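Coordinate inspection notes
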Amino acid sequence: MQQPSINRPPARMRNRHVTCPFCALLCDDLTIETRGDRLRITSTRCPKARAGFAPTPAAATPRIGNRSSSLDQAVAAAADIVRTSRAPLIGGLATDLAGMRAALALADRAGGIVDHLHGEALLRNFLTLQDAGWVTTTLTEVRNRADLILFVGTDTSEFPRFFERCIDNQSALFKPSPADRELVFIGEGLRPGRHGRRRPQNLRCDTAHLGEVVDALRALVGGHRLAARSIAGIEQARLARLAERLRAARYAVVVWSAGRLEIAHGNLLVQSLCALVRELNETTRAAGLPLGGDDGGATAAAVCAWQSGFPLRVDFGPGYPRYDPVGNASARLLADGCVDALVWIGSFNASQTPPATRVPRIVIGHPGLTCSPAPQVFIPVGTPGVDHSGHLVRCDAVVTLPLARVRASTLPHAAAVLDAIRAALD
Ligand code: SF4
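Starting afresh in each chain, residues are numbered from 1 along the sequence in its written order. Residue-level local features of this predicted model are given only where pLDDT is at least 70; pairs of side-chain atoms are given and counted only at 80 or more, and the full residue set underlies all totals for whole chains, interfaces and linings. Side-chain calculation: all heavy atoms of the structure are included, whereas hydrogens and water are not.

**Some details on the overall build of the protein**
Convention followed: Each helix is a run of H or I in the DSSP string that is no shorter than four residues. Each strand is a run of E no shorter than two, and both are numbered from the N terminus. In this setup the radius of gyration rests on C-alpha atoms only. A globule is expected at 2.2 Å times the number of residues raised to 0.38. Categorising residues by exposure relies on relative accessible area from a 1.4 Å probe, with only protein chains included: less than 20% of the type maximum marks a residue as buried, more than 50% marks it as exposed, and the intermediate range marks it as partly exposed. Contact definition: two residues touch when any of their heavy atoms are within 4.5 Å. Here the open area of atoms and residues is found with the Shrake-Rupley method and a 1.4 Å probe, where only the protein chains shown may cover a residue.
In terms of regular secondary structure, the protein is built from twelve helices and 21 strands. Rg of the C-alpha trace for the protein: 23 Å, near the compact-globule value of 22 Å for 426 residues, within the 12% margin. Taken over the C-alpha atoms alone, the protein extends approximately 70 × 50 × 35 Å along its principal axes. For the protein, the proportion of its 426 residues judged to be buried stands at 56%. Within the protein, residue pairs in contact and separated by at least 24 positions form 64% of the contacts whose partners lie at least 6 positions apart. On the protein, roughly 18500 Å² of surface is accessible, and the fraction owed to carbon and sulfur atoms is 48%.

Rendered as structure tokens:
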């Protein structure tokens with residue numbers, strides 16, 4: 001396999017308008033100073049971005065078991081495992097667009113099954129989209145049009161700059177001005193914070209009861225009467241006032257993060273949120289904003305849908321793409337012994353470790369990634385948007401942003417490794 005060239009940047013360099021790959025907001029306004037192999041972000045204090053652009057272990061080399069090897073030897077060893085596998089799981093999929101294309105090509109060639117490490121959270125949204133459709137919006141629309149924003153089960157803290165980028169903007173294309181926006185939070189453990197002259201309203205309830213609250217709110221928006229005085233600890237009168245404000249809003253947005261809805265049948269809550277948005281659109285304008293798709297999740301789903309017609313959890317074993325959103329879940333396949341090899345891709349950070357399993361593991365991952373016990377094959381790869389250029393799909397699924405290479409690196413792209421494994425099968 002051809003080694004990547006080291007196109008070493010000057011000792012000191014300043015990159016502007018860099019896209020950050022470390023959450024699905026894909027902020028494209030970073031300024032990064034390169035000093036040798038070290039990077040310094042000068043435009044934001046975002047903790048996730050700072051951690052992501054921190055130095056990686058310099059001496060990471062491919063390994064076969066506990067032995068260091070050349071890249072070619074590791075690729076050959078990985079190809080041997082895939083060749084003898086009858087049903088390999090191509091999992092993790094924490095990579096960029098080119099990496100996902102290569103993962104699908106390998107799955108197609110080897111008769112494998114694909115699933116993302118956030119497959120369970122992504123599924124909560126997909127099931128709603130497939131079953132009933134939805135009305136969603138974009139980050140730009142939120143920034144410029146939203147006058148009432150309802151956060152359900154999330155304060156967006158997992159997307160550290162969401163408020164800075166989309167809510168607290170100084171100006172907007174349309175009235176009312178961002179300073180006059182109304183913010184309402186429903187859920188538990190949320191930290192609404194202060195936002196200029198706005199005082200967010202916080203309706204506390206257990207995450208497990210969010211479905212009841214949202215369904216009650218929807219009924220009130222639809223003009224129905226409820227017998228209960230309170231729903232999951234929230235007085236009906238408070239929900240009724242919120243329903244009135246939602247009906248009066250010119251552009252209400254309902255925000256959720258499927259990764260935070262780890263409750264039984266979380267997809268039904270997403271369905272209820274989308275039904276609330278539909279109800280509001282009977283008389284005014286409203287939209288949903290599903291946050292999520294970190295670690296290449298939005299990209300993996302988009303590429304899989306373009307190429308197979310289905311969003312992840314696709315089995316190429318039969319010779320055609322067979323979709324099974326429940327049966328093809330990584331955890332179930334591994335627990336029930338339905339797969340006999342795991343190709344795991346985790347290129348964004350060192351915590352993207354593969355699940356424990358008895359089947360042989362090929363790990364194509366961040367150089368700082370450690371597994372115990374050691375996988376059969378480990379191939380360190382570069383981080384998209386740091387060690388090599390690439391593309392990622394943003395959480396609102398309407399924009400694919402280019403990623404820049406901001407650091408000199410000898411680490412290969414995951415796509416190149418996956419392509420080399422596939423080529424070695426022929
Ligand atoms: S909010 Fe997300 S995309 Fe934006 S700088 Fe922070 S980690 Fe990067």
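Text resumes after the structure shown.
**Here's the deal with the pairing of strand S9 (residues 182-187)**
Worth spelling out the cut-off: In short, DSSP must find at least two bridges between two strands for them to pair.
Burial analysis of S9 places five of its six residues in the buried class, which makes it a mostly covered element. In this structure, strand S8 (residues 148-152) lies alongside S9, joined through five bridges in parallel fashion. Within S9, the residue paired with Leu148 across the bridge is Glu182. In the sheet, S9 pairs with strand S10 (residues 201-204) via four bridges, with the strands oriented parallel. Across the sheet, Ile186 pairs through a bridge with Leu203, a residue of S10.

**With respect to the packing of helix H7 (residues 210-221) against helix H9 (residues 266-280)**
This is how the line gets drawn: Note on definitions: angles span 0 to 180 degrees between N-to-C directions of axes, and those axes are lines fitted to C-alpha atoms, for helices only across the stretch in contact. Our angle categories are set so that under 35 degrees counts as roughly parallel, over 145 as roughly antiparallel, 65 to 115 as roughly perpendicular, and the remainder as oblique. By convention the crossing between two helices is left-handed if the near helix lies anticlockwise of the far one by an angle smaller than a right angle, and right-handed if it lies clockwise. Classification convention: Asp, Glu, Lys, Arg as charged; Ala, Val, Leu, Ile, Met, Phe, Trp, Tyr, Cys, Pro as nonpolar; all other residues, Gly among them, as polar.
Two elements in contact, H7 and H9, have axes whose closest approach is 9 Å; the angle formed by their N-to-C orientations is 15°. One element, H7, and the other, H9, form an angle in the roughly parallel class. Of the two elements, H7 crosses H9, and the hand of that crossing is left-handed. Counting all contacts with H7, which are made through Leu210, Gly211, Val214, Asp215, Leu217, Arg218 and Val221, the residues of H9 involved are Leu269, Ser272, Leu273, Ala275, Leu276, Glu279 and Leu280. Looking at the contact of H7 with H9, its residues break down into nine nonpolar, two polar and three charged.

**Topic: the packing of aromatic side chains**
Quick reminder of the rule: Pairs were defined over the aromatic rings of Phe, Tyr and Trp, the Trp ring being its six-membered one, requiring ring centres within 6.5 Å. Orientation was assigned from the angle between planes: stacked under 30 degrees, edge-to-face over 60, tilted for the rest.
Considering all chains together, one arrives at eight aromatic pairs under this definition. Pairing Phe22 with Phe53 gives two aromatic rings, centres 5.1 Å apart and planes at 85°, and the pair type is edge-to-face. Taken together, the residues Phe22 in the loop between strand S1 (12-18) and strand S2 (30-35) and Phe53 in the loop between helix H1 (47-52) and strand S4 (63-64) connect sequence positions 31 residues apart. Since its relative accessible area comes to 9%, Phe22 is described here as buried. Among the residues examined, Phe53 registers a relative accessible area of 2% and is labelled buried. Between Phe163 and Phe185, the ring centres sit 6.3 Å apart and the planes meet at 10°, which makes this aromatic pair stacked. Taken together, the positions of Phe163 in helix H6 (residues 162-167) and Phe185 in strand S9 put the pair 22 residues apart, joining distant regions of the chain.

**Description of the sheet that holds strand S3 (residues 38-41)**
Pairing between the strands of a sheet comes from backbone hydrogen bonds, and it takes one of two forms, parallel or antiparallel. Taken in spatial order, the three strands of this open sheet run S1-S2-S3, and their pairing is antiparallel. Strands at the two margins of the open sheet, each flanked by one partner only, are S1 and S3. Going across the sheet, the axis of each strand differs from the next one's by a mean of 25°, ignoring polarity. Where S1 and S2 come together, five bridges link them in antiparallel fashion. Its bridge partner being in S2, Arg12 is matched across the sheet by Arg35.

**What about the site of the ligand?**
What counts, and what does not: Nearness of a residue to a molecule or strand requires only that one of the residue's heavy atoms be within 4 Å of it.
What surrounds the ligand is the set Cys20, Phe22, Cys23, Leu25, Leu26, Cys27, Cys46, Lys48, Ala49, Pro160 and Arg161. Of the residues in the shell around the ligand, the class split is nine nonpolar, no polar and two charged.

**Looking at the side chain of Thr19**
Quick reminder of the rule: Whenever a nitrogen or oxygen atom comes within 3.5 Å of another N or O atom, the pair is scored as a polar contact, on the condition that within protein one atom can donate a hydrogen and the other can accept it, and that pairs from neighbouring residues in sequence are kept only if both atoms are in side chains.
Relative to the elements of secondary structure, Thr19 occurs in the loop between S1 and S2. Looking at Thr19, the relative accessible area reads 4%, which means it is buried. Looking at Thr19, its side chain comes within polar contact range of the main-chain oxygen of Pro402, at 3.1 Å. With sequence-adjacent residues up to four places away left out, Thr19 is seen in contact with Leu26, Cys27, Asp28, Leu401, Pro402 and Leu403.

**Points about the pattern of salt bridges**
Quick reminder of the rule: A side-chain nitrogen of Lys or Arg and a carboxyl oxygen of Asp or Glu constitute a salt bridge if their distance falls within 4 Å.
Scanning the model with the defined rule gives 25 salt bridges in all. Between Glu141 and Arg145 there is a salt bridge, with its nearest N and O atoms 3.0 Å apart. Residue Glu141 and its partner Arg145 are located together in helix H5 (residues 139-145), separated by four residues, close to a single helical turn. Under the relative-accessibility criterion, Glu141 is labelled partly exposed at 22%. One connected set of salt bridges, linked through shared partners, spans Asp28, Asp29, Arg161, Glu164 and Arg165.

**Some words on the environment of Leu401**
With respect to the helices and strands, the residue Leu401 is situated in strand S21 (residues 400-403). Residue Leu401 is classed as buried on the basis of its relative accessible area of 11%. Along the sequence, Leu401 and Pro21 sit 380 residues apart, while their C-alpha atoms lie 9.5 Å from each other. Among all residues touching Leu401, those that are not within four sequence positions of it are Thr19, Leu26, Asp28, Gly390, His391, Leu392 and Arg394.

**Thoughts on the environment of Leu106**
Looking at the element boundaries, Leu106 is found in helix H3 (residues 97-110). Note: C-alpha distance between Leu106 and Ser157 (51 residues apart in sequence) is 36 Å. Sequence-distant contacts of Leu106, that is, excluding residues within four places in its chain, are made with Val82, Ile90, Leu418, Ile421, Arg422 and Leu425.

**A word on the nonpolar core**
To keep things clear, this is the line we draw: We call a set of buried residues a nonpolar core when its members are Ala, Val, Leu, Ile, Met, Phe, Trp, Tyr or Cys and they connect through side-chain atoms within 4.5 Å of each other. Just so you know, the domain bounds were taken from an automatic or database domain assignment.
Core analysis: the largest hydrophobic core is formed by 46 residues, its most contacted members being Ile90, Leu93, Met100, Val114, Leu312, Ile364 and Ile421. Both of domain 2 (60-118 + 295-425) and domain 3 (123-291) provide at least three residues apiece to this core. Setting aside its immediate chain neighbours within four residues, Ile90 contacts Ala103, Leu106, Ala107, Ile113, Val114, Asp115, Val343 and Ile345. Ranked by size, the runner-up nonpolar core spans 36 residues in total, among them Val18, Val142, Ile167 and Ala287.

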